[in-house]
Amino acid sequence: EPETGPEEESPAVPDLAARLDWIYPHRGAERLPSKLTATELKSLDGPDEEAAPLLPRTARRFRKPELEGAGRRLDAAERGTAAHLALRSLDLGRIGSAAAARAELDRLAAEGRLSPLEAGAVDAAALARFAASEIGRKIASSPRVLREFPFALLCPAERFFPGAEGEELLLQGVVDCCLIEPDGAVIVDYKTDSIAPEAAPERAKRYAAQLETYAWAVSRITGLAVKAKIVYFLQPGEAVEL
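Some remarks on the packing of aromatic side chains
Each aromatic ring pair is summarised here by two numbers: the centre-to-centre distance and the angle between the ring planes. Applying the stated criterion across every chain, the model contains 3 aromatic pairs. When the centroid spacing of 5.4 Å and the interplanar angle of 80° are considered together, the rings of Phe130 and Tyr190 count as edge-to-face. Residue Phe130 is found in helix α5 (residues 124-132), and its partner Tyr190 is found in strand β4 (residues 184-191); the two are separated by 60 residues along the sequence. Tyr190 matches Phe130 in its accessibility class, with the two residues each being buried. Relative to Tyr232, the ring of Phe130 has its centre 4.7 Å away and its plane inclined at 50°; by these criteria the two rings are tilted. Here Phe130 is found in helix α5, whereas its partner Tyr232 is found in strand β5 (residues 226-233), with 102 residues between them in sequence. Owing to a relative accessible area of 0%, Phe130 belongs among the buried residues under this scheme. Under the relative-accessibility criterion, Tyr232 is labelled buried at 1%. Taken together, the ring pairs connect Phe130, Tyr190 and Tyr232 into an aromatic cluster.

In structure tokens form, the structure reads like this:
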């Protein structure tokens, strides 16, 4: 067979060069998370939020073994978790005082919905203030209330990451409380931040992206418009509508 001269090139060489020079056309997607939780959205703080390529990840907390026994005190995160567990199950209509709130907490502990340690860590007076508040009374009288409502939806990535048009990510979250009414839905998010009453409006702004995401998800799932988004701070007893 005749040998290929030095001036001739194998047909495979251009093809190989094209393959080696190929550039993935969706380079931006390489830096996108495949999953995002609604609570991570509060990490988008600072003056240049939209330019952040990825949301900062908070360290995962694991439950500590209760080696110290019954006398152990819960830390702030554990007390917040206990308060949310209580609000998921308690009957606001039964709470007319701090004593009645304590009785409700004892009932939940007896039913195994809270541990005795968790029940003792929840602020009964704060629950009583919540039950007596306008939004607390509204929840107690509402014909349809969704508590600890989980969702998982595919969401356009560009909603959170400018320049990510055409990409999707899995958005997950849990709505603390959602009232379903004929003319729309009301979202209530509980916070256990230790703040003064006058600081509540400014602190609520930190959770605006989180509540907006809840509203988007609830509207997609129920087909209803969200007519109100409320952050309720348990310790000072302040409700802020966003």
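More follows now that the structure is in view.
Quick word on unusual backbone geometry
Positioned with a positive phi, Glu148 is a non-glycine residue whose angle comes to about 50°. Note on placement: Glu148 falls in strand β2 (residues 145-156).

Focus on the nonpolar core
Grouped together as the largest cluster of nonpolar side chains are 31 residues, with contacts concentrated most on Leu171, Val175 and Phe233. For this core, the secondary structure elements donating two or more residues are β2, β3 (168-181), β4, α7 (200-204), α8 (208-222) and β5. By size, the runner-up hydrophobic cluster in this structure holds 29 residues, among which are Ala86, Leu105, Cys177 and Ile230.

Some points on the side chain of Ser89
Position of Ser89 among the secondary structure elements: in helix α2 (residues 76-89). When its relative accessible area of 19% is taken as the criterion, Ser89 is described as buried. Residues contacting Ser89, with those up to four places away along its chain left out, are Arg107, Leu108, Arg113 and Arg147.

A word on the confidence of the model for the protein
In this model, the protein carries an average pLDDT of 80, and 72% of its residues clear a pLDDT of 70 or more. The secondary structure element of the protein with the lowest average pLDDT is helix α1 (residues 12-21), at 66, and the one with the highest is β5, at 96. Within the model, pLDDT remains below 50 along residues 44-59, and this stretch shows 21 contacts once partners closer than five positions in the same chain are excluded.

Concerning the pattern of salt bridges
All chains considered together, the criterion is met by 12 salt bridges. Two residues, Arg94 and Glu104, come together in a salt bridge whose shortest N-O distance is 3.3 Å. Here Glu104 lies in helix α3 (residues 98-110) and Arg94 lies in the loop between α2 and α3, a separation of 10 residues in the sequence. Linked through salt bridges whose partners overlap, the residues forming this network are Asp91, Arg94, Glu104, Arg107, Glu111 and Arg113.

A short note on the state of the cysteines
Within the structure shown, the criterion is met by 0 disulfides. Among the cysteines around Cys178, which has no disulfide bond, Cys177 carries the closest sulfur, lying 7.3 Å off.

Notes on the packing of α5 against helix α6 (residues 134-141)
One way to put it is that α5 packs onto α6 with a least axis distance of 4 Å and a crossing angle of 75°. As far as their axial angle goes, α6 and α5 are roughly perpendicular. Of α6, the residues touching α5 (which contributes Phe130, Ala131 and Ala132) are Glu134, Ile135, Gly136, Arg137 and Ile139.

Scoring rules and cut-offs
Residues numbered from 1 in each chain as written. Predicted model: local features only at pLDDT ≥ 70, side-chain atom pairs only at ≥ 80, totals over all residues. Heavy atoms only, no water. Phe/Tyr/Trp six-rings, centres within 6.5 Å; stacked < 30°, edge-to-face > 60°. Helix = DSSP H or I, 4+ residues; strand = E, 2+ residues; numbered from the N terminus. Buried < 20%, exposed > 50% of the residue type's maximum accessible area, 1.4 Å probe, protein only. Core = buried A, V, L, I, M, F, W, Y, C linked by side-chain atoms within 4.5 Å. Contact = heavy atoms within 4.5 Å. pLDDT = per-residue confidence, 0-100. Salt bridge = Lys/Arg side-chain N within 4 Å of Asp/Glu carboxyl O. Disulfide = S-S within 2.5 Å. Axes fitted to C-alpha atoms, helices over the stretch in contact; angles between N-to-C directions. Parallel < 35°, antiparallel > 145°, perpendicular 65-115°, else oblique.

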